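# Survey of secondary and tertiary structure
In case you want the letters, here they are:
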Amino acid sequence: WDHSEKFYVPNFDRIQHNEMVCKINLFDSGYTFVSGHEIDGRVLFPATGYLYLAWKLAMHQNQVLFNNLDVEFEDVKFLRACNIAKDQTVELIVIIHRGTGRFEVNEGKNALATGIVRCTDNAKLTPIEENEDSDAELGPRDFYKELRLRGYHYKNIFKSVVSAKMNGSGGKIKWKDNWMSFLDCLLQLQIIAKDTRSLALPTAIRRIVIKTKEHLKAVNEADDKIMTAHYSHDLNMIRCGGVEIRGLNAHAVGRRLPPGLPVLESYRFMPHFPSSML
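First things first, this report covers the structure right here in the doc. (Residues numbered from 1 in each chain as written. Predicted model: local features only at pLDDT ≥ 70, side-chain atom pairs only at ≥ 80, totals over all residues. Heavy atoms only, no water.)

Let us now look at the overall build of the protein. Along its length, the protein carries 5 helices and 15 strands. Considered along the principal axes of its C-alpha atoms, the protein spans approximately 100 × 50 × 35 Å. The 278 residues of the protein split such that 44% are buried. Taking the intrachain contacts of the protein between residues at least 6 apart in sequence as the baseline, contacts between residues at least 24 apart amount to 73%. About 16400 Å² of surface is accessible on the protein, with carbon and sulfur atoms providing 51% of the total. (Helix = DSSP H or I, 4+ residues; strand = E, 2+ residues; numbered from the N terminus. Buried < 20%, exposed > 50% of the residue type's maximum accessible area, 1.4 Å probe, protein only. Contact = heavy atoms within 4.5 Å. Areas by Shrake-Rupley, 256 points an atom, 1.4 Å probe, with all protein chains shown as cover.)

Shown next, in the form of structure tokens:
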């Protein structure tokens, strides 16, 4: 062979790959903020983080920049939670099957999340009636105090909810240039609408539509990057900017009680006068 000349050979394997490996470490600058997602005394990788990783791989497969295409998720199932310790590195494997668009997020041999992801340039949002009711609002201090009583100990970037309607019809979220935390705050507004003090984790989402360019345009037009979210109880759907989340299912899970410490389960005031409740 004559090696006097060099020829360029395209690497097709890099374009056709269907798998991505992500190493999550709380000391890594790219994932330090995940330590703020603390639930029931444990740091859990956010459910919206699985969607973000699948979205990232889908954009890489389509060879486009991250915010250049809209994305749709369907039939998303969250199978189990992923705990992350401070001195631990968790390796997540994201797989997208070509043709069907079905994705999987695995940790070792355990599947964490599944669903369908599609990249499109003409995603459509569902119209929603925006009710400007006069119901009382919770400020950020009262909102996260209520979540803390339920077992959600959010910190830093995951405390981006500015206000929330007490009847669960919506709220306001501050955009902090992080898709993962913003989507998680939308789930927080839906969880707070449940009239219960139990700890619930998301298990399924029927459909998510994210129009990236429309959303970022709305962020630039909003005052101080504070976005208004509207929730429809009839459709079980929340809309905020260019993001739509429909059909969230969350199941209550048992909370861990601190060993050796007394716990007051409930404290109620009953009126002196007899009532039907008594």
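This part covers the state of the cysteines. Across all of its chains, the model carries 0 disulfides by this definition. The thiol of Cys-119 is unpaired, and the distance to the nearest cysteine sulfur, on Cys-22, comes to 15 Å. Judged by relative accessible area, Cys-119 falls into the partly exposed class, the value being 22%. Here Cys-240 stays unpaired: no disulfide links it, and the sulfur of Cys-185, its closest cysteine neighbor, is 9.8 Å away. In this structure Cys-240 comes out as buried when scored by relative accessible area, which is 1%. (Disulfide = S-S within 2.5 Å.)

As paired strands, strand β5 (residues 89–96) and strand β6 (residues 102–107) are joined by 4 bridges and run antiparallel to one another. Across the sheet, residue Ile-93 finds its bridge partner in β6, namely Asn-106. Bridge count for β6 against strand β7 (residues 110–120) is 6 bridges, and the pairing is antiparallel. Bridged to Phe-103 within β7 is Gly-115. (Pairing = 2+ DSSP bridges.)

Here we come to a positive patch on the surface. Where like charges cluster on the molecular surface, the positive patch consists of Arg-141, Lys-145, Arg-148 and Lys-159. Positionally, Lys-145 belongs in helix α3 (residues 140–150). Lys-145 gets classed as partly exposed once you look at its relative accessible area, which sits at 46%. (Patch = residues over 30% accessible without salt bridge, like charges linked within 9 Å, V, L, I, M, F, W, Y side chains within 5 Å. Salt bridge = Lys/Arg side-chain N within 4 Å of Asp/Glu carboxyl O. Lys, Arg positive; Asp, Glu negative; His and termini not counted. Charge placed at Lys NZ, Arg CZ, Asp CG, Glu CD.)

With that out of the way, let us pick up the environment of Gly-115. As for its position among the elements, Gly-115 is in strand β7. Since its relative accessible area comes to 0%, Gly-115 is described here as buried. Each C-alpha atom of the pair Gly-115 and Ser-160 lies 27 Å from the other, and the pair is 45 residues apart in sequence.

Applying the stated criterion across every chain, the model contains 11 salt bridges. Here Arg-102 ties to Asp-75 by a salt bridge, and the two come within 3.7 Å at their closest N and O atoms. Taken together, the residues Arg-102 in strand β6 and Asp-75 in strand β4 (residues 70–78) connect sequence positions 27 residues apart. For Arg-102, a relative accessible area of 31% translates into the label partly exposed. By relative accessible area, Asp-75 is classed as partly exposed at 34%. Here Lys-174 makes a salt bridge to Asp-224, at a shortest N to O gap of 3.3 Å. In this pair, Lys-174 sits in strand β11 (residues 170–174) while Asp-224 sits in the loop between α5 (212–221) and β13 (226–232), placing the two residues 50 residues apart along the sequence. Relative accessible area serves as the criterion here: at 54%, Asp-224 is assigned to the exposed category. Residues joined in a network through salt bridges with shared partners are Glu-72, Glu-74, Arg-118 and Arg-207.

Before going further, it helps to spend a moment on the nonpolar core. Within the largest apolar cluster, 73 residues are counted, with the highest numbers of intra-cluster contacts made by Phe-45, Tyr-50, Phe-73, Leu-92, Phe-143 and Leu-186. For this core, the element with the highest residue contribution is helix α4 (residues 179–192), accounting for 10 residues. Residues within four places of Phe-73 in sequence aside, it is in contact with Leu-51, Ala-54, Trp-55, Phe-103, Ile-116, Val-117, Arg-206, Arg-207 and Ile-208. (Core = buried A, V, L, I, M, F, W, Y, C linked by side-chain atoms within 4.5 Å.)

A word on the sheet that holds strand β12 (residues 199–210). With antiparallel pairing, the 12 strands of this open sheet are ordered in space as β1-β5-β6-β7-β4-β12-β15-β14-β13-β11-β10-β8. Two strands in the sheet have a free side with no partner beyond their single neighbour: β1 (19–25) and β8 (137–138). Looking at chain direction, strand β14 (residues 237–240) and strand β15 (residues 243–253) are connected through 4 bridges and run antiparallel. Within the sheet, the bridge partner assigned to Met-237 lies in β15 and is Arg-246. Together, β10 (161–165), β11, β12, β13, β14 and β15 form the strand contacts of α4, whose direction differs from that of β15 by roughly 65°. (Axes fitted to C-alpha atoms, helices over the stretch in contact; angles between N-to-C directions.)

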